[in-house]
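Listed below, chain by chain, are the residues.
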There are 2 protein chains.
Amino acid sequence: MKYNNSPIGIFDSGLGGLTVFKEVRKILPYEDLIYFGDTARVPYGNKSKETILRYSMEISKFLISKGVKIVVAACNTSSSLALDGLRKEESVPIFGVIEPGAKKAVEVSSGGNIAVIGTSATIKSRAYSRVIYEEINVLKGNGGYKFKNDFKVIEKACPLLVPFVEEGFLNEEITKKIINYYLNPVICEKPSCLVLGCTHYPILKDLILEEVGQDMQIIDSGIETAKAVKCFLEKNGMLKDGATKGSELFFVSDDLEKFKELGERFLGRKIENVSIVNQFL
Amino acid sequence: MKYNNSPIGIFDSGLGGLTVFKEVRKILPYEDLIYFGDTARVPYGNKSKETILRYSMEISKFLISKGVKIVVAACNTSSSLALDGLRKEESVPIFGVIEPGAKKAVEVSSGGNIAVIGTSATIKSRAYSRVIYEEINVLKGNGGYKFKNDFKVIEKACPLLVPFVEEGFLNEEITKKIINYYLNPVICEKPSCLVLGCTHYPILKDLILEEVGQDMQIIDSGIETAKAVKCFLEKNGMLKDGATKGSELFFVSDDLEKFKELGERFLGRKIENVSIVNQFL
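The rules we used
- Residues numbered from 1 in each chain as written.
- Chains lettered and ligands numbered in written order.
- Predicted model: local features only at pLDDT ≥ 70, side-chain atom pairs only at ≥ 80, totals over all residues.
- Helix = DSSP H or I, 4+ residues; strand = E, 2+ residues; numbered from the N terminus.
- Buried ≥ 20, exposed ≤ 12 C-beta atoms within 10 Å, placed from the backbone.
- Domains from an automatic or database assignment.
- Contact = placed C-beta atoms within 7 Å.
- Nonpolar A, V, L, I, M, F, W, Y, C, P; charged D, E, K, R; others polar.
- Pairing = 2+ DSSP bridges.
- Axes fitted to C-alpha atoms, helices over the stretch in contact; angles between N-to-C directions.
- Least-squares fit on C-alpha atoms with pLDDT ≥ 70 in both.
- Right-handed = clockwise from strand over helix to strand, strands pointing away.
- pLDDT = per-residue confidence, 0-100.
- Arc of directions from axis to C-beta.

### A few points about unusual backbone geometry
Residues and elements named next belong to chain A.
Logical step 1: Here the bond from valine 42 into proline 43 is cis, since omega is -5°, no more than 30 degrees from zero.
Logical step 2: Here proline 43 shows up in the loop between β2 (33-37) and α2 (49-65).
Logical step 3: Even without being glycine, arginine 126 reaches a positive phi, approximately 55°.
Logical step 4: Residue classification places arginine 126 among the partly exposed positions, given that 15 C-beta atoms sit within 10 Å.
Logical step 5: If you check the backbone angles, asparagine 273 has positive phi at about 55° while not being a glycine.
Logical step 6: Within the secondary structure, asparagine 273 is located in the loop between α12 (256-267) and β10 (274-276).

Have a look at this one:
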């Protein structure tokens, strides 16, 4: 059996990608992981495509210089706007979080409306709709799921949720209000499932469930992405050999202490081995 | 009489500095103004001192390359953390927004407690307290105002207000809630005046007054800074000659359209002559 002991690179605009990191660690305990959080330039969600592509490329090159075997853009905004650019430019396989989440949504929706929430940039890109409709067409071609004629993808930008999470407003009355403000019009469209189209949102999952009802199917693209990564590494003989438990390295572009403190809430455990990198930014 | 027809440079992390720009324009109608909004890296308020200094220097150098006679850091975060560094490095006079606001607060407070609200970085820097206590000492030396023995400066970080303003949430119920959340503990300390220690906050002035009471004295550091700039130019023979009305140029590091759209709400009129600059960022 073939192995590849190089690390996996994972990046995000800030803390959000840690929700993906956590899921990758859960199902790939032997892999070495390198995380980059662009805390000097967070948030990405209100920035233009050109800027997001430029930032994503700088970070991918940094991760590749550290010897990673694949790069996971653990950021929906980057995945929506920079993935094609990254795949064209970079020498290792690049994974995004949109495709796995969108496919899972089609799978569980049973033909009902699909709701997607994300940053302004992600929603404006319509990346989720595109993948969802492509996937539905494939299924139709295979005689699979039947979608209603009036089927629709309800896409809703929730630009303030990232700042709320990054500021650690995780369980305040005011956080419930803003979730209600954003999600109330979404619920009115009676979606069959809700895709958390931003890696920050799983941190708010309990509050979101309170708002949309406990029986709503929630798609966490972090979980789906971790599965896709595992599947790819297995198929291509690229898993680590499993002789030792996976190591972890974290890099941020700013404010190491805040990253450690808030990051703990994301990972559910202490974060060690964090360094600041800013020479290339 | 001496004149200097070079433009005035004004910068901020994003849109907020436009409130200062507006006040400068109001009292200096003949000056040519160049504005830079760092919309690719907004907000600054949750970033480290080193990063804020680096960003502020890049922008000052850009403005100086455009021939400005002075630079106004129309951003409280920059003024708190980068002013000394900028003054050491740059070849033109540098103005901040802290000192004018702090001095005005001491002037109007009649010895009562002074409240200051701002971003996390501004509040953490304690820049307002420092200037306020210095000013009080000067006054004491001159036998001026008497301050109570239990006089204090109440400093409160309101990190989510900048994202609210930048997202255009200017008159929503939820904006009132977040203002109440932040300001309620401040009011309990019975301040004699409230300094808006962030150039974004004047946009929320009406909602803030609703919360703190219409008779609260509000210090808008934009207005005070504009006065200080005018006074300096007059004293040093650096005013423009007044032959023609002042021109205006705007530069942003990202998303020109959003800047134009939201900027209009800040200036109360259309913004023309906006260009994107990103080569040096």
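### Considering the domain arrangement of chain A
Residues and elements named next belong to chain A.
Logical step 1: According to the domain assignment, chain A consists of domain 1 (8-96 + 223-276) and domain 2 (98-221).
Logical step 2: The gap between the C-alpha centroids of domain 1 and domain 2 is 22 Å.
Logical step 3: Taken together, the 30 residues of domain 1 in the interface contact 27 residues of domain 2.
Logical step 4: Among the residues forming the side of domain 1 that touches domain 2, the class breakdown is 13 nonpolar, twelve polar and five charged.

### Considerations on the sheet that holds β2(A)
As a general point, the strands of a sheet are linked pairwise by backbone hydrogen bonds and lie either parallel or antiparallel.
Residues and elements named next belong to chain A.
Logical step 1: Across the sheet, which stays open at both edges, the six strands sit in the order β4-β3-β1-β2-β9-β10 with parallel pairing between neighbours. Two strands bound the open sheet, and with one partner strand each, they are β4 (94-95) and β10.
Logical step 2: In this fold α2 packs onto β1 (8-12), β2 and β3 (70-73), with an angle of close to 150° to the strand it touches most, β2.

### Brief notes about the relation of the copies chain A and chain B
Logical step 1: Note on the identical chains: chain A maps onto chain B by a rotation of 180° and an axial translation of 0.0 Å, with an RMSD of 0.0 Å. The operation mapping one copy onto its partner corresponds to a two-fold rotation axis. Closest approach to the rotation axis within chain A is made by the C-alpha atom of A:Arg41, at a distance of 2.5 Å.

### Looking at the sheet that holds strand β6 (residues 153-157) of chain A
All names here are of chain A.
Logical step 1: Sheet architecture is open: four strands sit in the order β6-β5-β7-β8, paired in parallel fashion. Single-partner strands in this sheet number two, and they are β6 and β8 (217-220). On average, adjacent strands in this sheet sit at an angle of 20° to one another, irrespective of strand direction.
Logical step 2: Relative to β6, strand β5 (residues 114-118) runs parallel, the two sharing five bridges. Residue pairing in the sheet places alanine 115 in a bridge with isoleucine 154 of β6.
Logical step 3: Along the sheet, helix α7 (residues 127-141) contacts β5, β6 and β7 (193-196); its crossing angle with β6, the most-contacted strand, is approximately 165°.

### Re the interface of chain A and chain B
Logical step 1: Of the residues lining the interface, 18 residues belong to chain A; the matching set on chain B comes to 18 residues.
Logical step 2: Secondary structure elements with two or more residues in the side of chain A that touches chain B: α8 (161-166) and α9 (173-187) of chain A.
Logical step 3: Counting residues per element, the side of chain A that touches chain B draws most heavily on α9(A), at four residues.
Logical step 4: Among the residues making up the side of chain A that touches chain B, the classes are represented as eight nonpolar, three polar and seven charged.

### Regarding the pairing of strand β9 (residues 248-252) of chain B
Residues and elements named next belong to chain B.
Logical step 1: Summarising the sheet, strand β2 (residues 33-37) and β9 pair through five bridges and their orientation is parallel. By the bridge assignment for β9, phenylalanine 36 is matched with phenylalanine 251.
Logical step 2: Since β9 and strand β10 (residues 274-276) lie parallel, the crossover through helix α12 (residues 256-267) that links them has a hand, and here it is right-handed.

### Considering the environment of A:Lys230
Residues and elements named next belong to chain A.
Logical step 1: Tracing the backbone shows lysine 230 in helix α11 (residues 221-235).
Logical step 2: Judged by the 16 C-beta atoms lying within 10 Å of it, lysine 230 falls in the partly exposed class.
Logical step 3: Expressed as a C-alpha distance, the spacing of lysine 230 and leucine 28, which sit 202 residues apart in the sequence, is 7.0 Å.
Logical step 4: Setting aside chain neighbours within four positions, we find lysine 230 in contact with Ile27 and Leu28.

### A short note on the confidence of the model for chain A
Logical step 1: Looking at chain A as a whole, its pLDDT mean stands at 93, while 98% of the residues score no less than 70.
Logical step 2: Of the two predicted TM-score estimates for the complex, the pTM is 0.88 and the ipTM is 0.83.

### Quick notes on helix α10 (residues 205-212) of chain A
All names here are of chain A.
Logical step 1: Along α10, the residues classified as buried are Leu207, Ile208 and Val212. The arc that holds every buried residue of α10, seen down its axis, measures 125°, which confines them to one face.
Logical step 2: For α10, the elements touching its buried residues are α9 and β7.
Logical step 3: Following α10 by one or two positions, glycine 213 has its phi on the positive side, about 100°.

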